[in-house]
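Coordinates in review
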Amino acid sequence: MNLQQLTYFHKIAERKNYTKASQELSVSQSNLSHSMSKLEEELGVPLFVKNGRNIEVTVHGKKFDEHVALILRELELAQSEAQEAADPTKGIIRLAVSHTLHYHFLPNLMRRYKEIPEYRKIQFQILDMEATGIGLAKIEAGEVDLGFGAKIDRPGFQYFDVMSEELMAVVPVSHPLAQKENITLEELCREPLVTYNSQCGTRCDLENFFREYGVRPRQIIEAQNEKMIASMVAAGIGVSIMPWIQEVNVYHVVSVPLEHHRLKRSLYMFWRQAEFRLPVVERFRKFVVNTIKNEREQK
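Computed from a prediction, not measured in an experiment: that's the story for all the values here.

Let us now look at the sheet that holds strand β11 (residues 253-256). As summarised here, the arrangement of the three strands in space is β10-β7-β11, forming an open sheet in which the pairing is antiparallel. With partners counted over all chains shown, the strands left at the sheet margins are β10 (240-242) and β11, one partner each. The sheet shows a mean angle of 35° between the axes of neighbouring strands, direction not considered. Where strand β7 (residues 168-172) lies against β11, four bridges are found, and the strand directions are antiparallel. When the sheet's bridge partners are listed, V171 is paired in β11 with V254. Against the sheet, helix α9 (residues 226-234) touches β7, β10 and β11, its axis set at about 150° to β10.

Following this line, the structure appears as structure tokens:
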């Protein structure tokens, strides 16, 4: 049994006439008759009976045709979906995005992309990414196409830096350090440090800074994101080093520059290396890369 036989059978069952079916299929009647004989032989039941110049579908044939119709319909849908997936101007781009890139950077890029006439039908699906490790796992599982966040070195992934953010000391409003114009890393590390968990790329950046400058926080308390960090700092649990983002303004904390240290974290677009990407995804990835490269060249 093959797909051609099923297509022939369904058309004959629909038309109940070999001549009409052969004309619509552009196949000789003898080929149709031979193909149906082989199919009936394989199934072990008659599918058609003659009724004058026409034919009737048997009870077994009708039941079989119900399944064949579903198979052919599913195949048609699968073919249509595959063809749509190959169209770079349609479809959904699934992104895992860290908090700070939600505000201006990524929305602006998405808007500029959709302003290009051929990409107006593109849809974006955004996953709020608590940590880079989660984004990497989602890409590996095939649930996300591209990630945007801090960097964690992992084999099989490529990174393209899209922007950098200055890291500030963040302390409670009532803390003595809040009154200073700037703070040294040494002063800050005498306090418990509320910071990102080990799955977050920014935590890796901070660990590298501590090693580079020969300091170590007295105590490390982990939290999942900037909002949680800010709320814990506001409660007096510790201090932090993080980018100053809009959401932090609602908490009773202040940011203070780090003296002698201009700490920055880089943020990246990342993707699975040497993996097929749908054209709709690959076009957007290249757009991001080229847009940022062009902007840097103009500065």
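From this point, things continue past the structure.
Let us look at the pattern of salt bridges. Under the definition given, this model contains 20 salt bridges. In this structure, K138 and E143 form a salt bridge, with 3.0 Å as the shortest nitrogen-oxygen distance. R203 is the partner of E222 in a salt bridge, and the nearest nitrogen-oxygen pair spans 2.8 Å. Residue E222 is located in strand β9 (residues 219-223), and its partner R203 is located in helix α8 (residues 201-213); the two are separated by 19 residues in the primary sequence. Of the residues examined, E222 reaches a relative accessible area of 43% and is grouped as partly exposed. Look at R203 and you get buried, because its relative accessible area is 11%. Look at the salt bridges and you will find they share partners, linking K11, E14, R15 and E24 into a network.

Parameters at a glance
Residues numbered from 1 in each chain as written. Predicted model: local features only at pLDDT ≥ 70, side-chain atom pairs only at ≥ 80, totals over all residues. Heavy atoms only, no water. Pairing = 2+ DSSP bridges. Helix = DSSP H or I, 4+ residues; strand = E, 2+ residues; numbered from the N terminus. Axes fitted to C-alpha atoms, helices over the stretch in contact; angles between N-to-C directions. Contact = heavy atoms within 4.5 Å. Salt bridge = Lys/Arg side-chain N within 4 Å of Asp/Glu carboxyl O. Buried < 20%, exposed > 50% of the residue type's maximum accessible area, 1.4 Å probe, protein only.

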